[in-house]
Amino acid sequence: TMQSSGHRFRDVEHHPLLADNDTYDSSSSSSSEADMAERVWFIRDGCGMVCAIMTWLLVVYADFVVTFVMLLPSKDFWYSVINGVLFNCLAVLALSSHLRTMLTDPGAVPKGNATKEYMDNLQLKPGEVIYKCPKCCSIKPERAHHCSICKRCIRKMDHHCPWVNNCVGEKNQRFFVLFTMYIALISAHALVLCGFQFFSCVRGQWTECSDFSPPVTVILMIFLCLEGFLFLTFTAVMFGTQIHSICNDETEIERLKSEKPTWERRLRWEGMKSVFGGQPSLLWINPFAGFRIRRLLLRGKKGGPEFSV
């Protein structure tokens, strides 16, 4: 601990505020939060990008089997139309939620803001303790944690999920919850459709239940059942865990580390309104809410793993 600007500055590794070779421009600190709001976030992590692509391919595979193997060959017109529209709408909502989770800044703290000028602007009380992250040289707000993959401190970081190639934090938790919910719903829907299809094929002796040959039909449906069961189990558990964390106003990291709350916990309903925004409405389950189309320019931001616009 050392005295600086009338307050105490606590640093785990006792680094200087900025290294000599850093070129942080303190004049830009006042607009850093505004710049964050105008940035499309994308983590350049190989494992995460592979997992994100696999997620999309698995959803597309499920849509292919449901549409072309089970619904289109069906003789019941309304059965095909209703289930086809429902499944594809859920798939679009799931993939849209995935994109919003992956491309939304989860609540990153500006890098290199641990400067004397910035701390003076905070108007801290004498003797107040603040913390600096020695890895990204930023002043850590309460409940922020550093992510080694994103290389940033994330506000209310819950965990880093490779399937969405991003951290789940203060600003994108809502989209992650929607992603798990919609994936669980389409997985359950696919399993129900597989059950009806197997019954129909067995009753019809596999002669007219699909445009594909019986062996190909069986293989495609078995893979879909396995995928649906695994996805349903994983996403349903994750959805329940996220809702539990929101209602208890506690992130997964805080729970695993058994951190004693130094903040005033919100009531359960207040926590839900804080994450999903405002009073309950259809906007809570709409992944397009608040979306604005911007001109995308891929600009490398110095020291950051994200593309900025």
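Looking at an unreviewed UniProt entry, one finds the protein named Palmitoyltransferase, with Phainopepla nitens as its source organism. The UniProt entry for the protein carries the following text under Subcellular location (unreviewed entry): "Membrane". Quoted verbatim from the Catalytic activity (unreviewed entry) heading of the UniProt record, the comment on the protein is "L-cysteinyl-[protein] + hexadecanoyl-CoA = S-hexadecanoyl-L-cysteinyl-[protein] + CoA".

(A) Main features of the packing of aromatic side chains. Tallied over the full model, the rule gives 6 aromatic pairs. When the centroid spacing of 6.5 Å and the interplanar angle of 45 degrees are considered together, the rings of F176 and F179 count as tilted. Within this pair, F176 and its partner F179 are both found in helix α5 (residues 173–203), separated by 3 residues, close to a single helical turn. For the pair F176 and F179, one class covers both residues: buried. Consider the rings of W269 and W284, whose centres lie 5.8 Å apart with planes at 40 degrees: the pair is tilted. A residue pair is termed long-range when its members are at least 10 positions apart, and W269 in helix α8 (residues 268–276) and W284 in the loop between α8 and β9 (299–300) qualify at 15 residues. Of the residues examined, W284 reaches a relative accessible area of 10% and is grouped as buried. Aromatic ring contacts, followed pair by pair, group F64, F68 and F212 into a single cluster.

(B) Looking closely at the packing of helix α2 (residues 46–71) against α5. Where α2 meets α5, the closest approach of the two axes is 11 Å, and the angle between their N-to-C directions is 30 degrees. Judged by the angle between their axes, α2 and α5 are roughly parallel. For the crossing formed where α2 meets α5, the hand is left-handed. Together, T55, V59, V66, V69 and M70 of α2 and F179, I183, I186, A190, L193, C194 and Q197 of α5 make up the contact between the two elements.

Rules behind the numbers
Residues numbered from 1 in each chain as written. Predicted model: local features only at pLDDT ≥ 70, side-chain atom pairs only at ≥ 80, totals over all residues. Heavy atoms only, no water. UniProt positions renumbered as here; feature names shortened; annotations may be inferred. Phe/Tyr/Trp six-rings, centres within 6.5 Å; stacked < 30°, edge-to-face > 60°. Helix = DSSP H or I, 4+ residues; strand = E, 2+ residues; numbered from the N terminus. Buried < 20%, exposed > 50% of the residue type's maximum accessible area, 1.4 Å probe, protein only. Axes fitted to C-alpha atoms, helices over the stretch in contact; angles between N-to-C directions. Parallel < 35°, antiparallel > 145°, perpendicular 65-115°, else oblique. Left-handed = near helix turned anticlockwise from the far one by under 90°. Contact = heavy atoms within 4.5 Å.

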